[in-house]
Amino acid sequence: MEIDIENMDAGYGTTKILQGIDLHLEGPGLTCIIGPNGVGKSTLIKCMNKLLTPTAGTVKVNGRDVKEMTRKEIAEIISYVPVQSDDVFAMPVFDTVLIGRANKGGWRTSSTDIIRVKKALEVLDLTEYADRPFNELSAGQHQTVAIARGLVQETEILILDEPTSNLDIRHQIFVTSLMHEIAVSRGIMVIMISHNLNIASMFADNVVLMEKPGRIKQVGPANDVITAENILEVYNVNCEVIQHQGRPVILLDQVLN
């Protein structure tokens, strides 16, 4: 499983967000995409699964240009969890997650579908909410249900846009560690956007650091990418980076003007 992006530009209307993006990712493993707000992280992952068409360059998944792939073909390879769900319906959580199995056999529910949904709810601590209407849950619970719906698709690439954005620190660690565990145990590629650099550092096999104006600064292991120099250049923040259990940890100092 691999994603290859070459000399890609992308944006919205006349506004260019990404420019000259070259990126090669291959699995299995967890890749965390980090960088300041507005740098184009969400735009980048939307180009990976054809939610957005680049204005220049190419995006290939497993050697195929996504422009030549149907949405059904992409859905069989890539599952996508957006930053937040706009769903406000009163459907039970179980049925909400079950929707994610549509790529496996349409709308006819099988015993395998039921087993997969129950397992996803279990691993994400959602079993007690299975019969509760989705619209009665908190924003953080909404996000966790969306992750469960992505998991049950059982694709070889799972892309998540800020999956921990509405979660407290405990659940941020839980979800990120779970994404790494799933990447390893299932042998899949998991790509997620994260704003918590220390949690990303703890669990990511690979880190993509983006910088303004819509470029990739560096790609590699956390120890190579998460450095005091890079944090200063990209975020304009002074910090000290120390080692803990073989991983870099950021000790924040001050924001520069």
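Everything that follows concerns the structure shown earlier in this document.
Keep in mind that this is a model prediction, so the values were computed, not measured.

K.L.:
Please provide a residue-by-residue account of the overall build of the chain, values included.
P.N.:
If you tally the helices and strands in the chain, you get 10 helices and 12 strands. Over its C-alpha atoms the chain spans a radius of gyration of 18 Å, differing by no more than 12% from the 18 Å that the globule rule assigns to 257 residues. Taken over 257 residues, the chain has a buried fraction of 47%. Put simply, 64% of the contacts in the chain that link residues at least 6 apart link residues at least 24 apart.

K.L.:
Run through helix H6 (residues 139–151), naming residues and quoting values.
P.N.:
One turn of the α-helix equals 3.6 residues, which is why residues spaced by three or four share an orientation. Between its first and last C-alpha atoms H6 spans 19 Å; for 13 residues at 1.5 Å apiece the expected length is 18 Å, and the two agree. Within H6, 12 of the 13 residues are buried, which leaves the element mostly enclosed by the surrounding structure. Of the surrounding secondary structure, the elements contacted by the buried residues of H6 are strand S6 (78–81), helix H3 (93–98), helix H5 (111–123), strand S7 (157–160) and helix H7 (169–186).

K.L.:
Account for the pairing of strand S2 (residues 15–26), with residues named and values stated.
P.N.:
Two strands pair when backbone bridges link them, and strand S1 (residues 2–12) and S2 are joined in this way by eight bridges, in the antiparallel orientation. Paired with Asp-4 across the bridge in S2 is His-24. Here S1 hands over to S2 after two residues, with Gly-13 in that stretch at a positive phi of 65°.

K.L.:
Mind laying out the pattern of salt bridges, listing which residues take part and the relevant values?
P.N.:
Where charged atoms from two side chains of opposite charge approach closely, those side chains can pair. Tallying each qualifying case throughout the model produces seven salt bridges. Residues Glu-233 and Lys-217 are paired through a salt bridge, measuring 2.4 Å at the closest nitrogen-oxygen approach. With Glu-233 in helix H10 (residues 228–235) and Lys-217 in strand S10 (residues 215–220), this pair connects stretches of sequence that are 16 residues apart. Relative accessible area serves as the criterion here: at 27%, Lys-217 is assigned to the partly exposed category. Overlapping salt bridges bring together Arg-101, Asp-113, Arg-116 and Glu-154 as one network.

K.L.:
Any details on the sheet that holds strand S3 (residues 29–34)? Residues and values, ideally.
P.N.:
Taken in spatial order, the six strands of this open sheet run S6-S7-S8-S3-S9-S10, and their pairing is mixed. Two strands close off the open sheet at either side, each with one partner strand: S6 and S10. Going across the sheet, the axis of each strand differs from the next one's by a mean of 15°, ignoring polarity. Against the sheet, helix H1 (residues 41–48) makes contact with S3, S6, S7, strand S8 (189–193) and strand S9 (206–211), and its axis sits at roughly 150° relative to S8, the strand it touches most. The strands touched by H10 within the sheet are S3, S9 and S10, with S9 carrying the most contacts at an inclination of about 35°.

K.L.:
I'd like a rundown of the pairing of strand S4 (residues 56–61), residues and numbers included.
P.N.:
Judged from the five bridges that link them, S1 and S4 form a sheet pairing that is antiparallel. Its bridge partner being in S4, Glu-6 is matched across the sheet by Thr-58. Relative to strand S5 (residues 64–65), S4 runs antiparallel, the two being bridged by two bridges. When the sheet's bridge partners are listed, Lys-60 is paired in S5 with Asp-65. Linking two consecutive strands that pair antiparallel, namely S4 and S5, is a turn of two residues; a positive phi of about 50° is found at Asn-62 within it.

Rules of the game
Residues numbered from 1 in each chain as written. Predicted model: local features only at pLDDT ≥ 70, side-chain atom pairs only at ≥ 80, totals over all residues. Heavy atoms only, no water. Helix = DSSP H or I, 4+ residues; strand = E, 2+ residues; numbered from the N terminus. Rg over C-alpha atoms; globule rule 2.2 N^0.38 Å. Buried < 20%, exposed > 50% of the residue type's maximum accessible area, 1.4 Å probe, protein only. Contact = heavy atoms within 4.5 Å. Expected span 1.5 Å × (residues − 1). Pairing = 2+ DSSP bridges. Salt bridge = Lys/Arg side-chain N within 4 Å of Asp/Glu carboxyl O. Axes fitted to C-alpha atoms, helices over the stretch in contact; angles between N-to-C directions.

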